[in-house]
Number of protein chains: 2
Amino acid sequence: MSQPVLIALDWGTSNLRANLLDAKGHTLKARSAPGGVMAVPDRDFAGALLRLCGDWLEADALPVIASGMVGSRQGWQEAPYLDCPADLALAARQCIQVALQTASGANRTVHIAAGLRCLHDDGAYDVMRGEETQIWGAGIPGGRCCVLPGTHSKWAWTGAQGQVARFRTYLTGELYGLLTQHGILGRLMVHGQARPAAFEAGVRRGLAGHHQATHLLFAARTAGLMGQVEPEGLPDYLSGMLLGIEIAAASEAGGQAALAGGVTLIGDDGLCSRYETALNLAGIASARAPAEATTQGQWLLARAAGLVGAA
Amino acid sequence: MSQPVLIALDWGTSNLRANLLDAKGHTLKARSAPGGVMAVPDRDFAGALLRLCGDWLEADALPVIASGMVGSRQGWQEAPYLDCPADLALAARQCIQVALQTASGANRTVHIAAGLRCLHDDGAYDVMRGEETQIWGAGIPGGRCCVLPGTHSKWAWTGAQGQVARFRTYLTGELYGLLTQHGILGRLMVHGQARPAAFEAGVRRGLAGHHQATHLLFAARTAGLMGQVEPEGLPDYLSGMLLGIEIAAASEAGGQAALAGGVTLIGDDGLCSRYETALNLAGIASARAPAEATTQGQWLLARAAGLVGAA
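Residues numbered from 1 in each chain as written. Chains lettered and ligands numbered in written order. Predicted model: local features only at pLDDT ≥ 70, side-chain atom pairs only at ≥ 80, totals over all residues. Heavy atoms only, no water.

Novice: When you look at the relation of the copies chain B and chain A in this model, what are you seeing that I'm missing?
Specialist: Superposition of the two copies of the chain requires a rotation about an axis together with a shift along that axis. When chain B is fitted onto chain A, the two copies agree to an RMSD of 0.0 Å after a turn of 180 degrees and an axial shift of 0.0 Å. In the structure described here, the two chain copies are related by an operation that fits a two-fold rotation axis. Taking C-alpha positions as reference, the residue of chain B nearest the rotation axis is H211 of chain B, located at 2.3 Å. Counting the interface residues of chain B, we find that 100% of their copies in chain A are interface residues as well, pointing to one common contact surface. (Least-squares fit on C-alpha atoms with pLDDT ≥ 70 in both. Contact = heavy atoms within 4.5 Å.)

Take a look at the structure:
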């Protein structure tokens, strides 16, 4: 087995994922624990980390790199946002350091990646934490758009040298959760069954009507009331509609020209597959980033920061 | 005191409001009880009505007219929707009748008003129940737009003869409730203090960016994170943003020409006042409908149905 050279932490709002990486950035061992940034008892981040991989930290004086919400105000220590345009080299210089002592008293350093911030023309800010590291890892070429689906979906556009020029967040996943779990629409729904036709119908409606987004969300309920969509199809219909709204709005904001070469999808398989279908209905080609974009980004960041040598 | 000629019920999802009206449609007595359509024990609508105004029903053989969700599938008895364009005369012909027996065994009839349905060009339906009666009561002239703010805000456009030609619903109030009570944005908020400047800033952002609605809703959170809006201002900022999105979208859907003469606001004072401010920022003049639009509409409906004579 190759020698480990880096401990890479993906520490978000829900989970802590730790990977032991070799000199080529490949994963040797992987562990995870529930208890994201918001659930760390007494905000004892060092303790939570030692519980999950204290043995790794004892064994070798390995550098530790961490990305995600661990660098937010609610995290271990705040890593200030980098303003866009931003690239990997800048991000590597701006990691912050946190000291850590193992159970036996050995000193280690955790390098926390900064998030990105983007100021839009209208004076509004956008922020990301963790997704930037996935973007570095996905190796997005210059002048391309990448999409990171999720609770707060991100669309990022790269500049000529592959730097993140600007990005935009859509509340897609959170709205889906709120409307299905707490909304009046949710009362009409029957969950648990995939309905691809309802999903596609929702996507088409969202794509065509995104200028009327808060009206469309009511129309989803009416479609249920009027029997146009069966109760079992309503969750997928709403999901499709929200994806359609997101895709049409992001295409409009980023310009169609930026999508000519298609987009790169970064994220988990199930979600990316839904986005592929929806993007296809919008006439936008898509390709998937490698599954290991996160660890790849963490390793590239560590290498650019001089924490590990080139392979 | 004038003689009562009609019992008018406004029976919605949250409350039952009963008014005893005279031959001119003026309210002689008013009562209300919590327990809307969804909260009637054992679906015993007759029992709920007798508890609130059994004495009125015993005293005289008065006709009873009811509007609102009481005519929905979840209500007392379903009154089929009328398709737009629809006017007061058609609505009066299409009330359904439900028999009721008082405690002493006297027979009374409840006339339940039908809701309206509107089929949009894109194949989606819109529905209303109760608001149509307020529109009849507000006496909206031909070729005008009226706005009924609420959980599900309605914009209705009248035809040349004052019929409801078409309408559109926006999920404004429900989204506000979901995002503040259950959303991630809500965690940043401090409630209880009016912040007019934050409200106006939100309206302006919503008006300018309604094509990016699901992005704007995330930007509201970022405005809090970045200190652009203080925690005490975030509720009003979000509220303003949702109103701005609604007003811009409805103006676009209905056409600017339809707004040239301004709009009529129908609803409770506090909400109408917020809409006045927001409409003003959008450059749209507004006037308020009389506060008694609901009972006036019920009385006009009863008169057109021949249940009460002309005054």
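Alright, that's what it looks like, and here's the rest.
Novice: Any chance you could explain the domain arrangement of chain A here in plain terms?
Specialist: A common measure of how large an interface is: the accessible area buried when the components associate. When its domains are assigned, chain A resolves into domain 1 (4-139 + 292-304) and domain 2 (170-288). Computed over C-alpha atoms, the centres of domain 1 of chain A and domain 2 of chain A are 31 Å apart. (Domains from an automatic or database assignment.)

Novice: Is there a simple way to explain the confidence of the model for chain A in this structure?
Specialist: Regions with low pLDDT should not have their predicted coordinates read in detail. For chain A, per-residue confidence averages 95 on the pLDDT scale, and 99% of positions sit at 70 or higher. Two summary scores accompany this predicted model of the complex, namely pTM at 0.95 and ipTM at 0.94. (pLDDT = per-residue confidence, 0-100.)

Novice: Would you explain the side chain of R144 of chain B in this entry?
Specialist: All names here are of chain B. Note on placement: R144 falls in the loop between α3 (131-138) and β10 (145-148). We note that R144 is buried and unpaired, the nearest opposite charge coming from E276 at a distance of 10 Å. Within the local environment of R144, its side chain forms a polar contact with the backbone oxygen of G261, the two atoms lying 2.9 Å apart. If sequence neighbours within four positions are ignored, R144 has contacts with A156, W157, T158, G261, G262, V263, T264 and A287. (Helix = DSSP H or I, 4+ residues; strand = E, 2+ residues; numbered from the N terminus. Buried < 20%, exposed > 50% of the residue type's maximum accessible area, 1.4 Å probe, protein only. Lys, Arg positive; Asp, Glu negative; His and termini not counted. Salt bridge = Lys/Arg side-chain N within 4 Å of Asp/Glu carboxyl O. Polar contact = N/O pair within 3.5 Å; in protein donor to acceptor, adjacent residues only side chain to side chain.)

Novice: Quick question: what am I supposed to make of helix α1 (residues 45-59) of chain A here?
Specialist: Along an α-helix, residues three or four apart share an orientation, since each turn contains 3.6 residues. Residues and elements named next belong to chain A. For α1, with 15 residues, the first-to-last C-alpha span of 20 Å sits near the 21 Å given by 1.5 Å per residue. The largest bend in α1 comes to about 85 degrees, at C53. For α1, the elements touching its buried residues are β1 (4-11), β2 (15-22), β3 (27-34), β4 (64-67), β6 (96-101) and β7 (107-112). (Expected span 1.5 Å × (residues − 1). Bend = angle between axes of the 7 residues up to and from the residue.)

Novice: Before we go on, may I ask you to explain the sheet that holds strand β9 (residues 125-128) of chain B in this structure?
Specialist: Sheet strands pair by backbone hydrogen bonding; their relative direction is either parallel or antiparallel. Residue and element names in this part refer to chain B. The strand order β5-β8-β9 describes an open sheet built from 3 strands, whose pairing is mixed. Two strands bound the open sheet, and with one partner strand each, they are β5 (82-83) and β9. Two elements, strand β8 (residues 116-119) and β9, share 4 bridges in a ladder whose sense is antiparallel. Note that in β9 the partner of L116 across the bridge is M128. (Pairing = 2+ DSSP bridges.)

Novice: Explanation requested: the packing of helix α4 (residues 172-181) of chain A against helix α4 (residues 172-181) of chain B in the structure shown.
Specialist: Packed helix pairs are specified by the crossing angle of their axes together with the interaxial distance, meaning the distance between the axes. Direction vectors running N to C along α4 of chain A and α4 of chain B enclose 100 degrees, while the axes themselves pass 10 Å from each other. The angle between α4 of chain A and α4 of chain B places the two elements in the roughly perpendicular class. Taken together, the residues of α4 of chain B that come into contact with α4 of chain A (itself represented by E174, L175, L178 and L179 of chain A) are E174, L175, L178 and L179 of chain B. Here the residues of the contact of α4 of chain A with α4 of chain B sort into 6 nonpolar, no polar and 2 charged. (Axes fitted to C-alpha atoms, helices over the stretch in contact; angles between N-to-C directions. Parallel < 35°, antiparallel > 145°, perpendicular 65-115°, else oblique. Nonpolar A, V, L, I, M, F, W, Y, C, P; charged D, E, K, R; others polar.)

Novice: Is there a simple way to explain the sheet that holds strand β8 (residues 116-119) of chain A in this structure?
Specialist: Residue and element names in this part refer to chain A. Taken in spatial order, the 3 strands make up an open sheet running β5-β8-β9, and their pairing is mixed. The sheet terminates laterally at β5 (82-83) and β9 (125-128), the two strands that pair on one side only. Looking at chain direction, β5 and β8 are connected through 2 bridges and run parallel. The partner of D83 across the bridge, within β8, is R117.

Novice: Help me out: how do you make sense of unusual backbone geometry in this one?
Specialist: Excluding glycine, most residues fall at negative phi; most peptide bonds, likewise, are trans. Residues and elements named next belong to chain A. A cis amide bond links C84 to the next residue, P85, at an omega of 0 degrees. Tracing the chain through its elements places P85 in the loop between β5 and α2 (88-93). At R43, a residue that is not glycine, the phi angle is positive and equals roughly 55 degrees. Within the element layout of this structure, R43 appears in the loop between β3 and α1.

Novice: What's the story with the packing of aromatic side chains in this structure? I'm lost.
Specialist: Think of a pair of aromatic rings as described by two things: how far the centres are apart, and how the planes are tilted against each other in angle. Residues and elements named next belong to chain A. Taken as a whole, this structure holds 6 aromatic pairs over all chains when the rule is applied. Taken together, a centroid distance of 5.5 Å and an interplanar angle of 65 degrees make the contact between W11 and F45 edge-to-face. Here the residue W11 occupies a position in strand β1, and F45 occupies one in helix α1, the gap between them amounting to 34 residues. Ring centres of W11 and W76 lie 6.1 Å apart, and the angle between their planes is 75 degrees; on these two criteria the pair is classed as edge-to-face. Of the two residues, W11 is situated in strand β1 and W76 in the loop between β4 and β5; the sequence distance between them amounts to 65 residues. Under the relative-accessibility criterion, W11 is labelled buried at 0%. Under the relative-accessibility criterion, W76 is labelled buried at 16%. Directly above the ring of Y81 sits R129, whose terminal nitrogen or CZ lies 4.3 Å from the centroid. (Phe/Tyr/Trp six-rings, centres within 6.5 Å; stacked < 30°, edge-to-face > 60°. Lys NZ or Arg CZ within 6 Å of the ring centre and 35° of its normal.)

Novice: When you look at helix α3 (residues 131-138) of chain A in this model, what are you seeing that I'm missing?
Specialist: Residues and elements named next belong to chain A. With 8 of 8 residues buried, α3 is to be regarded as a mostly interior element. Buried residues of α3: E131, E132, T133, Q134, I135, W136, G137 and A138, and no others. Positive phi appears at G139, one or two residues downstream of α3, with a value of about 60 degrees.

Novice: Got a minute to help me understand the interface of chain B and chain A in this structure?
Specialist: Contacts between the two partners involve 45 residues from chain B and, on the opposite side, 45 residues from chain A. For the pair chain B and chain A, the summed buried area comes to about 4,100 Å², and 62% of that belongs to carbon and sulfur atoms. When residues of chain B are sorted by the area they lose upon contact with chain A, T214, H215 and F218 of chain B head the list and together hold 16% of the total. Where chain B touches chain A, the interface holds 0 salt bridges. The interface formed by chain B and chain A holds 23 residue pairs in polar contact (both at pLDDT 80 or more) in total. Contributions of two or more residues to the side of chain B that touches chain A are made by β9, β12 (164-170), α4, α6 (213-225) and α7 (234-254) of chain B. (Buried area = accessible area lost by both parts, 1.4 Å probe.)

Novice: It is not clear to me how the packing of helix α5 (residues 196-209) of chain B against α7 of chain B should be interpreted in this structure. Could you clarify?
Specialist: Residue and element names in this part refer to chain B. Axis separation between α5 and α7 bottoms out at 6 Å; the angle between their running directions is 35 degrees. Crossing of α5 against α7: the hand is right-handed. In contact with A198, F199, A201, G202, V203, R205, G206 and L207 of α5, α7 contributes D236, Y237, S239, G240, M241, L243, G244, I245, I247 and A248. Class assignment of the residues belonging to the contact of α5 with α7 gives a composition of 11 nonpolar, 5 polar and 2 charged. (Left-handed = near helix turned anticlockwise from the far one by under 90°.)

Novice: Looking at this model, I keep getting lost on the pairing of strand β7 (residues 107-112) of chain B. Mind explaining?
Specialist: Looking along a regular strand, one sees the side chains alternate between the two faces of the sheet. Residue and element names in this part refer to chain B. Relative to β7, strand β4 (residues 64-67) runs parallel, the two sharing 3 bridges. Looking at β7, one finds that V64 is bridged to V110. Looking at chain direction, strand β6 (residues 96-101) and β7 are connected through 6 bridges and run antiparallel. Bridge pairing in β7 places A99 opposite T109. What sits between β6 and β7 in their antiparallel hairpin is a turn of 5 residues, with G105 showing a positive phi close to 95 degrees.

Novice: I tried to follow the environment of S286 of chain B on my own but got confused; where do I start?
Specialist: Residues and elements named next belong to chain B. Tracing the backbone through its elements, the reader meets S286 in strand β14 (residues 286-288). Residue class for S286 comes out partly exposed when judged on its relative accessible area of 28%. For the pair S286 and C145, spaced 141 residues apart in sequence, the C-alpha separation works out to 9.8 Å. Excluding residues within four positions of it along the chain, S286 makes contact with V263, L265, E276 and L279.

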